[in-house]
Amino acid sequence: MKHPPDRIDVAEGLRHILQELSAIERSVEHDRPGRPAPYTDAEEPWDGPEFRVETVSDNSMHTVVDISVRRGPGRVPPNHRAPDEDEVATLRATVRALLDLADVGSGRACTTVVLTEQGPRVVSCRLSGGMTVFARERRPATG
């Protein structure tokens, strides 16, 4: 007799993937010559422009349908500037990698990404109108 697979908690799985992605980013940064030792997840300031990236996935192909500014550098209100070409490329690659890691095959997603000096950081992701999953609590930059 076959048994159906255990139901996977999608939110918990996505949270785990966000944390793994953050750990990989820190590890890669630490390996670069001349870079300071990486912050721990709780210490790293997430200072930089924050963007909301909306995607639609079909057959595991992720199409970015909108990128909007959520806030400018230093947690000030958005300055209403569009992201430049390099930022758009970084945002697209980061979100597509996350959706691939999460094995998202179809549906809509809304992902929030901060472009820090250390690289992009995925703040949160919401799949197909479900619960928003946060990678961790954001902490303000210390002066």
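Nothing here was measured: the structure is a model prediction, and the numbers come from that model.

Calculation notes
Residues numbered from 1 in each chain as written. Predicted model: local features only at pLDDT ≥ 70, side-chain atom pairs only at ≥ 80, totals over all residues. Heavy atoms only, no water. Helix = DSSP H or I, 4+ residues; strand = E, 2+ residues; numbered from the N terminus. Buried < 20%, exposed > 50% of the residue type's maximum accessible area, 1.4 Å probe, protein only. Contact = heavy atoms within 4.5 Å. Disulfide = S-S within 2.5 Å. Salt bridge = Lys/Arg side-chain N within 4 Å of Asp/Glu carboxyl O. pLDDT = per-residue confidence, 0-100. Expected span 1.5 Å × (residues − 1). Arc of directions from axis to C-beta. Pairing = 2+ DSSP bridges. Axes fitted to C-alpha atoms, helices over the stretch in contact; angles between N-to-C directions.

**Student:** Now, about the overall build of the protein chain: what can you tell me, with residues and values included?
**Tutor:** Counting secondary structure elements, the protein chain contains two helices and five strands. When the elements of the protein chain are put in sequence order from the N terminus, they spell out α-β-β-α-β-β-β. Across the 143 residues that make up the protein chain, the buried fraction comes to 36%. For the protein chain, the proportion of contacts with a sequence separation of at least 24, taken over those separated by at least 6, is 60%.

**Student:** I'd like a description of the state of the cysteines, backed by residues and values.
**Tutor:** Here a disulfide denotes one covalent bond, and it connects the sulfur atoms of two cysteines. The final tally for this structure, using the stated rule, is zero disulfides. Cysteine Cys-110 remains unbridged, with the sulfur of Cys-125 as its closest cysteine sulfur at 7.8 Å. Residue classification places Cys-110 among the buried residues on the basis of a relative accessible area of 12%. A relative accessible area of 0% places Cys-125 in the buried class.

**Student:** Any details on the pattern of salt bridges? Residues and values, ideally.
**Tutor:** Across all of its chains, the model carries two salt bridges by this definition. For the salt bridge of Glu-50 with Arg-70, the shortest nitrogen-to-oxygen distance reads 3.1 Å. Separated by 20 residues along the polypeptide, Glu-50 in strand S1 (residues 50-58) and Arg-70 in strand S2 (residues 61-71) bring together distant segments of the chain. On the basis of relative accessibility, which here comes to 3%, the residue Glu-50 falls in the buried class. A residue is classified by how much of its surface remains accessible, and Arg-70, at 42% relative accessible area, is partly exposed.

**Student:** Please provide a residue-by-residue account of the confidence of the model for the protein chain, values included.
**Tutor:** Averaged over all residues, the pLDDT of the protein chain is 76; the fraction at 70 or higher stands at 63%. Looking across the protein chain, the model is least confident in helix H1 (residues 10-31), with a mean pLDDT of 67, and most confident in S1, with 94. The low-confidence segment residues 3-8 (pLDDT under 50) makes zero contacts with residues lying over four places distant or belonging to another chain. Here residues 35-41 is a poorly scored stretch, pLDDT under 50, and it has 14 contacts once near neighbours within four places are set aside; other chains count.

**Student:** Please give an account of helix H2 (residues 85-101) that cites residues and values.
**Tutor:** With 17 residues, H2 ought to run about 24 Å at 1.5 Å a step, and its terminal C-alpha atoms sit 24 Å apart, in line with that. Along H2, the positions that sit buried rather than exposed are Glu-87, Leu-91, Thr-94, Val-95, Leu-98 and Leu-99. Angular distribution of buried residues about the axis of H2 spans 130 degrees; they occupy a single face of the element. Exposed residues lying more than 90 degrees from the buried face of H2 are Glu-85 and Asp-86.

**Student:** Residue-level account of the sheet that holds strand S4 (residues 119-127), with values.
**Tutor:** Taken together, five strands build an open sheet; the order of strands is S2-S1-S3-S4-S5 and the sheet is antiparallel. Whereas interior strands pair on both sides, the edge strands pair on one side only; in this sheet they are S2 and strand S5 (132-134). Across the sheet, the mean angle separating the axes of adjacent strands is 25 degrees when strand polarity is ignored. As paired strands, S4 and S5 are joined by three bridges and run antiparallel to one another. Of the residues in S5, the one forming a bridge with Cys-125 is Val-133.

**Student:** Can you tell me about the pairing of S1, naming the residues and giving the values?
**Tutor:** As paired strands, S1 and S2 are joined by nine bridges and run antiparallel to one another. Looking at the pairing, Arg-52 lines up with Ser-68 of S2. Count of turn residues in the S1/S2 antiparallel hairpin: two residues, of which Asn-59 carries a positive phi of about 55 degrees.

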